[in-house]
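# Geometric and topological summary
Listed below are the residues making up each chain.
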Amino acid sequence: MEHTIAQGDPYCSRVIHDTRVDWNLAHPPKEFWDNMKASED
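Residues numbered from 1 in each chain as written. Predicted model: local features only at pLDDT ≥ 70, side-chain atom pairs only at ≥ 80, totals over all residues. Heavy atoms only, no water.

Scanning the protein for helices and strands turns up one helix and zero strands. Residues classed as buried in the protein amount to 10% of the 41 residues present. Surface accessibility of the protein: about 4,100 Å² in total, with carbon and sulfur atoms responsible for 54%. (Helix = DSSP H or I, 4+ residues; strand = E, 2+ residues; numbered from the N terminus. Buried < 20%, exposed > 50% of the residue type's maximum accessible area, 1.4 Å probe, protein only. Areas by Shrake-Rupley, 256 points an atom, 1.4 Å probe, with all protein chains shown as cover.)

Shown next, in the form of structure tokens:
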């Protein structure tokens, strides 16, 4: 994996999905993750 939360990155680059729902999953580009803000509770 390129990015992991355990290694200090702000997100994990691994995606798990249910292929019964969507077989051809498109992973968001790096910019999507870089621009994501953490939610404030």
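Turning our attention to the side chain of Thr-4. Mapped onto the elements, Thr-4 comes out in the segment before α1 (30-34). A distance of 3.1 Å separates polar atoms of two side chains, one belonging to Thr-4 and the other to Gln-7. (Polar contact = N/O pair within 3.5 Å; in protein donor to acceptor, adjacent residues only side chain to side chain.)

Along the polypeptide, Asp-34 turns up in helix α1. Here Asp-34 falls in the partly exposed class, since its relative accessible area comes to 41%. At 2.7 Å, the side chain of Asp-34 and the side chain of Lys-30 are in polar contact.

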